[in-house]
Amino acid sequence: MPDDLHQRYQAAHRAYQSHADSCGAGCTRGTPQCRDGKRLYETFARLQDAYLTRLKQRPQR
């Protein structure tokens with residue numbers, strides 16, 4: 001079964017990339033420039049941090 005946190009993190013990444021590709025305010029893939037871009041990027045970054053933290057906490061195989 002796919003990991004829900006991973007799916008949400010990837011969806012947030014795609015949403016921000018899509019926004020950046022079409023943003024008239026100058027958002028780039030790594031730098032949000034508008035309110036919507038900043039919100040999407042913060043969501044992506046928060047979910048990415050949570051996912052990476054979870055990976056680090058898993059027992060090593």
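Residues numbered from 1 in each chain as written. Predicted model: local features only at pLDDT ≥ 70, side-chain atom pairs only at ≥ 80, totals over all residues. Heavy atoms only, no water.

A. Looking closely at the state of the cysteines. As enumerated under the stated definition, the model contains zero disulfides in all. Of all cysteine sulfurs in the structure, the one in Cys27 sits closest to Cys23, which takes part in no disulfide; the separation is 3.5 Å. Look at Cys23 and you get buried, because its relative accessible area is 17%. (Disulfide = S-S within 2.5 Å. Buried < 20%, exposed > 50% of the residue type's maximum accessible area, 1.4 Å probe, protein only.)

B. The pattern of salt bridges, seen in detail. Evaluated as defined, the whole model comprises four salt bridges. When the shortest N-O distance is used, the salt bridge between Arg58 and Asp3 registers 3.5 Å. Pair noted here: Arg58 is in the segment after α2 (35-57) and Asp3 is in the segment before α1 (4-22), with a separation of 55 residues, a long-range link. Under the relative-accessibility criterion, Arg58 is labelled partly exposed at 40%. Among the charged side chains, a salt-bridge network with shared partners connects Asp3, Arg54 and Arg58. (Salt bridge = Lys/Arg side-chain N within 4 Å of Asp/Glu carboxyl O. Helix = DSSP H or I, 4+ residues; strand = E, 2+ residues; numbered from the N terminus.)

C. Local environment of the side chain of His19. Tracing the sequence through the fold places His19 in helix α1. The buried category is assigned to His19, whose relative accessible area is 16%. With near-sequence residues (within four places) excluded, His19 lies in contact with Cys27, Cys34, Asp36, Gly37 and Leu40. (Contact = heavy atoms within 4.5 Å.)

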